[in-house]
Amino acid sequence: MAFQILLNFMIAFLWMFLNNDWAASGFIVGYLLGIAVLFGLRRFFDGRLYLGRGWAIIKLAALLLRELVVSSYVVVKAVLRPKLDIRPAILMYTTELKSDWEVAVLITLLCLTPGSVVLEVSKDNRTLYIHAMDIRDAEQFRDNIRNTFERAILEVSRS
């Protein structure tokens with residue numbers, strides 16, 4: 001991936017040099033031309049183009065923002081109710097993530113989302129103990145984590 005980014009920048013600067021156009025517009029045209037060249041040569045690279053991973057990172061950030069807004073609304077709604085009708089719980093969640101940084105990103109995303117906090121991580125980094133503010137169905141909560149955050153992290157890291 002780093003080689004692809006470096007190659008794309010080299011193509012952009014070569015384009016600027018050959019056209020004697022040192023403005024930002026010349027770099028953008030060269031960069032887009034570099035993307036086209038990399039797309040044409042993609043079969044010679046291991047894995048997919050770096051733009052695919054960049055798109056996956058953007059989707060992960062959008063997912064985090066969406067979850068922040070939705071969970072913040074749920075927390076504020078629960079707090080402002082006259083009668084506090086919540087069911088807090090501590091859940092054990094087993095993850096499919098393997099590397100330390102994948103688990104760290106999952107923990108960060110869960111802690112940043114209002115209403116949930118990761119209390120403990122097992123020594124093998126496979127089991128997380130999560131405190132959630134309002135749990136109606138524990139299995140649905142686990143599936144939600146697996147189908148949103150964990151899937152997005154796997155798309156970024158293992159593609």
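Figured I'd write up the structure that's included with this text.

Each value, and the rule that gives it
- Residues numbered from 1 in each chain as written.
- Predicted model: local features only at pLDDT ≥ 70, side-chain atom pairs only at ≥ 80, totals over all residues.
- Heavy atoms only, no water.
- Helix = DSSP H or I, 4+ residues; strand = E, 2+ residues; numbered from the N terminus.
- Rg over C-alpha atoms; globule rule 2.2 N^0.38 Å.
- Lys, Arg positive; Asp, Glu negative; His and termini not counted.
- Charge placed at Lys NZ, Arg CZ, Asp CG, Glu CD.
- Patch = residues over 30% accessible without salt bridge, like charges linked within 9 Å, V, L, I, M, F, W, Y side chains within 5 Å.
- Areas by Shrake-Rupley, 256 points an atom, 1.4 Å probe, with all protein chains shown as cover.
- Salt bridge = Lys/Arg side-chain N within 4 Å of Asp/Glu carboxyl O.
- Buried < 20%, exposed > 50% of the residue type's maximum accessible area, 1.4 Å probe, protein only.
- Contact = heavy atoms within 4.5 Å.
- Phe/Tyr/Trp six-rings, centres within 6.5 Å; stacked < 30°, edge-to-face > 60°.
- Lys NZ or Arg CZ within 6 Å of the ring centre and 35° of its normal.

1. Describing the overall build of the protein chain
- The helix and strand inventory of the protein chain stands at five helices and three strands.
- Here the C-alpha atoms of the protein chain give a radius of gyration of 22 Å, more than 25% beyond the 15 Å that 2.2 N^0.38 yields for 159 residues.
- Its C-alpha atoms give the protein chain principal-axis dimensions of about 70 × 35 × 20 Å.
- Of the charged side chains in the protein chain, 18 are positive and 15 negative; the average position of the first set lies 4 Å away from that of the second.

2. A closer look at a nonpolar patch on the surface
- A contiguous nonpolar patch, built from Phe 9, Phe 13, Leu 14, Phe 17, Leu 18 and Trp 22 and spanning about 690 Å² of accessible area, is present on the exposed surface.
- Among the secondary structure elements, Trp 22 is positioned in the loop between helix H1 (2-19) and helix H2 (24-40).
- On the basis of relative accessible area, Trp 22 is assigned to the exposed category, the value being 52%.

3. Brief notes about the pattern of salt bridges
- Throughout the structure, instances matching the rule amount to six salt bridges.
- Note that Glu 155 is salt-bridged to Lys 59, the shortest N-O span being 2.8 Å. Taken as a pair, Glu 155 in helix H5 (residues 138-157) and Lys 59 in helix H3 (residues 50-80) lie far apart in primary sequence, 96 residues in all.
- In this structure, the salt-bridge partner of Glu 96 is Arg 126, at a minimum N-O distance of 3.9 Å. One end of the pair, Glu 96, is in the loop between strand E1 (89-94) and helix H4 (100-112); the other, Arg 126, is in the loop between strand E2 (116-121) and strand E3 (127-132), with 30 residues separating them in the sequence.
- When its relative accessible area of 40% is taken as the criterion, Glu 96 is described as partly exposed.

4. Some remarks on the side chain of Thr 127
- Within the fold, Thr 127 resides in strand E3.
- For Thr 127, a relative accessible area of 14% gives the class buried.
- Discounting chain neighbours no more than four positions away, the residues touching Thr 127 are Met 92, Tyr 93, Thr 94, Glu 120, Val 121 and Ser 122.

5. Details of the packing of aromatic side chains
- Taken as a whole and judged by the stated rule, the model has five aromatic pairs.
- Site record: aromatic cluster; members linked through ring pairs are Phe 9, Phe 13, Phe 27 and Tyr 31.
- The residue whose ring lies beneath Arg 42 is Phe 39, and the NZ or CZ to ring-centre distance is 4.0 Å.

6. With respect to unusual backbone geometry
- Positive phi values are uncommon outside glycine, yet Asn 20 reaches one of about 50°.
- On the secondary structure map, Asn 20 appears in the loop between H1 and H2.
- By relative accessible area, which is 61% here, Asn 20 ends up exposed.
- Even without being glycine, Asn 125 reaches a positive phi, approximately 60°.
- The topology assignment puts Asn 125 in the loop between E2 and E3.

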